[in-house]
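Results of the structural survey
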Amino acid sequence: MDIIKAPRGVRDVLPDESWKWAYVMDAARKVSNVFGYSEVHLPIFEHTELFARGIGDSTDVVEKEMYTFEDRSGRSLTLRPELTASMVRCYLEHGMSQKVQPVKMWSAGPMFRYERPQKGRYRQFWQLDVEALGSDAPEVDLEIISFAIYLFDMLGLSNLEVVVNSVGCPECRPTYRQALKDYVGSKFELLCPTCQNRFDRNPLRILDCKNEGCREIMKEAPGMTDYLCDECKEHFHRVKEGMSLLGIHYKEDKNLVRGLDYYTKTAFEVLSGELGAQNAVCGGGRYDNLAEAIGGPHVPGVGFAAGIERIVLTMEGQGCDFGPKPAIDVFVVTADDSAKRAALKLLYEIRQNRISVDMDYSGKSLGSQLKMASNKEARLACILGGTELQKGVVTVKDLASGSQEEVSRDSLVDYIRHSIAH
């Protein structure tokens, strides 16, 4: 019988990598506290309608990428492909409009999209999601962008580029939509089949196509910023003015629309050269009409999402410091069964003092146990044998220097604590 392996497009995050994820998540938690964002935990699956109505039924996500299934009661449910729609649903369901606005929340966890696996992109992937709901002020857009930059600075990332655009609003977008159709219509036969299908349903999606031929055609396409209404134009001006004030380097990209239908006004990405063609470390923007699309009242919002895998890949590519790799402080080495019994009590006592410790349970030789201690990168080895038990001591070996000394059993924890602190 063949060994069952993980499905295509998903992977195991092993201990050699998971500690790097923990480092990124710890940094995200610290930045969230600095900016005043509270953590929430959201369901991994939602009613399919939430994403179909919220994200847009003409998007690649809804058309091609969602993992949708029926439960035993025949209800259509979908593994979440992103978190923003869930965040807005959470805000509406729990009456958060009664709280001080904007309500600032963040979350992290696995998302699911059926797409071609590639570097930094999997069918199950982890995302950090940061959202501010209940304010239409452009300064909140600026805060969201600066949150991302602050986080990436804390992680040591460099050579990142903020790309920004305005995708307008329902007032000014129809005029731009028609101008875009007029331009694309003369080149219709040159478009890929997907974009030909988008032409009538949602021509703005053509701007987001990854097909090289379509991208080349769209280089000369009209830009949304030439069609903005006065309100959108002023909003975009204040966001850019704020980034200049804060020293955030950015460039405008008239073709940046993001991949989801709910965006209005500000859209942005933070790009890195470390990830090849799929080079966005994070992306986001404003979505003032999303709450209405899923059946709620008007609730303006803005936020961003960042892939944990992509952040880690970018950090590795740039040689960023993840801090010290986790290692145990102490490894207990036993000479025989009587020493092993004493070691179990010793382990418990050391752990009660919040010092990390491990031991061998399989009866290996002293030499093999010391090798295990070195492989686990322990700082100290506490050796217990008949002589130590008789004398009421423990032989403590510094595995870096090789020096060792006998330490009274009663003062062992204090000795260990002092040793690992230096």
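Let us look at the structure shown here. Small disclaimer: the values here were computed from a predicted structure and weren't measured.

Conventions used here
Residues numbered from 1 in each chain as written. Predicted model: local features only at pLDDT ≥ 70, side-chain atom pairs only at ≥ 80, totals over all residues. Heavy atoms only, no water. Disulfide = S-S within 2.5 Å. Buried < 20%, exposed > 50% of the residue type's maximum accessible area, 1.4 Å probe, protein only. Helix = DSSP H or I, 4+ residues; strand = E, 2+ residues; numbered from the N terminus. Contact = heavy atoms within 4.5 Å. Phe/Tyr/Trp six-rings, centres within 6.5 Å; stacked < 30°, edge-to-face > 60°. Lys NZ or Arg CZ within 6 Å of the ring centre and 35° of its normal. Salt bridge = Lys/Arg side-chain N within 4 Å of Asp/Glu carboxyl O. Core = buried A, V, L, I, M, F, W, Y, C linked by side-chain atoms within 4.5 Å. Patch = residues over 30% accessible without salt bridge, like charges linked within 9 Å, V, L, I, M, F, W, Y side chains within 5 Å. Areas by Shrake-Rupley, 256 points an atom, 1.4 Å probe, with all protein chains shown as cover. Pairing = 2+ DSSP bridges. Axes fitted to C-alpha atoms, helices over the stretch in contact; angles between N-to-C directions. Parallel < 35°, antiparallel > 145°, perpendicular 65-115°, else oblique. Left-handed = near helix turned anticlockwise from the far one by under 90°. Nonpolar A, V, L, I, M, F, W, Y, C, P; charged D, E, K, R; others polar.

Tallying each qualifying case throughout the model produces zero disulfides. This cysteine, C172, is not joined by any disulfide, and C169 carries the nearest cysteine sulfur, 3.9 Å off. For C172, a relative accessible area of 4% puts it in the buried group.

A separate point is helix α4 (residues 84-93). By the criterion of burial, α4 is predominantly enclosed, with eight of the 10 residues buried. Taken together, the buried positions of α4 are T84, A85, S86, M87, V88, R89, C90 and Y91. At its buried positions, α4 is contacted by β2 (45-47), α2 (48-55), β5 (103-112), β6 (124-133) and α10 (290-293). Of the residues flanking the end of α4, it is G95, one or two places downstream, whose phi is positive at about 60°.

A few words on the packing of aromatic side chains. The full count for this structure, using the stated rule, is 11 aromatic pairs. Seen from their ring centres, F188 and F199 are 5.4 Å apart, and the 75° between their planes marks the pair as edge-to-face. With a gap of 11 residues between them, F188 in the loop between α6 (173-185) and α7 (193-201) and F199 in helix α7 connect regions that are remote in the sequence. For F199, a relative accessible area of 14% corresponds to the buried category. Between the NZ or CZ atom of K20 and the centre of the ring of F322, over which it lies, the distance is 5.1 Å. Looking at K181, its charged tip hangs above the ring of F199, at a distance of 5.0 Å from the centre.

Attention now goes to the pattern of salt bridges. Using the criterion set out here, one finds 21 salt bridges in the structure. For E17, the salt bridge identified is with R11, shortest N-O distance 2.8 Å. Residue class for R11 comes out partly exposed when judged on its relative accessible area of 31%. A salt bridge links R29 to E39; its shortest N-O distance comes to 3.4 Å. Taken together, the positions of R29 in helix α1 (residues 15-35) and E39 in strand β1 (residues 38-39) put the pair 10 residues apart, joining distant regions of the chain.

All right, on to the nonpolar core then. Core analysis: the biggest nonpolar cluster contains 95 residues, and F152, M218 and F304 have the highest contact counts within it. For this core, the leading source of residues is helix α5 (residues 138-154), giving nine residues. With near-sequence residues (within four places) excluded, M218 lies in contact with L180, Y183, V184, I206, L207, K254 and N255. By size, the runner-up hydrophobic cluster in this structure holds 19 residues, among which are V330, L346, V394 and I416.

Along the chain, T264 turns up in strand β9 (residues 264-271). Excluding residues within four positions of it along the chain, T264 makes contact with V167, G168, R173, R286, Y287, D288 and N289.

Below, the discussion takes up a nonpolar patch on the surface. A cluster of nonpolar side chains, V34, Y150 and M154, forms an exposed patch at the surface whose accessible area comes to about 270 Å². Among the secondary structure elements, M154 is positioned in helix α5. Judged by its relative accessible area of 36%, M154 falls in the partly exposed class.

Our focus in this paragraph is the sheet that holds strand β15 (residues 393-398). Pairing in this open sheet of five strands is mixed, and the strands run β13-β12-β14-β15-β16 from one edge to the other. Looking along the sheet, the strands with just one partner apiece sit at the ends: β13 (357-359) and β16 (404-408). Sheet twist, expressed as the mean angle between neighbouring strand axes with direction ignored, is 30°. Alignment of strand β12 (residues 330-334) against β13, held across three bridges, turns out to be parallel. The residue of β13 that forms the bridge with F331 is D358.

For the rest of this paragraph, the subject is the sheet that holds β6. An order of β1-β5-β6-β11-β10-β9-β7-β8 is seen for the eight strands of this open sheet, with the pairing classed as mixed. Only two strands of the sheet have a single neighbouring strand rather than two, namely β1 and β8 (250-252). Both strand β7 (residues 161-166) and β9 contribute to a ladder of six bridges, which runs antiparallel. Bridging across to β9, V162 finds its partner in V270. Here α5 sits on the sheet in contact with β5, β6, β7, β9, β10 (280-286) and β11 (301-307), set at roughly 20° to β11.

Turning to the side chain of R198, a few remarks are in order. You can see R198 is positioned in helix α7. Each residue touching R198, except ones within four places of it in the same chain, is listed here: D60, P203, R205, I206 and C209.

Moving on to the packing of α1 against α5. Where α1 meets α5, the axes come as close as 10 Å, and the angle between the chain directions of the two elements is 140°. Here α5 runs oblique to α1, going by the angle between their axes. Considering only the axes of α1 and α5, their crossing is right-handed. Together, Y23, A27, A28, V31, S32, V34 and F35 of α1 and E143, S146, F147, Y150, L151 and M154 of α5 make up the contact between the two elements. Grouping the amino acids of the contact of α1 with α5 by side-chain chemistry returns 10 nonpolar, two polar and one charged.

Fair warning: the whole summary comes from geometry, so function is off the table for now.
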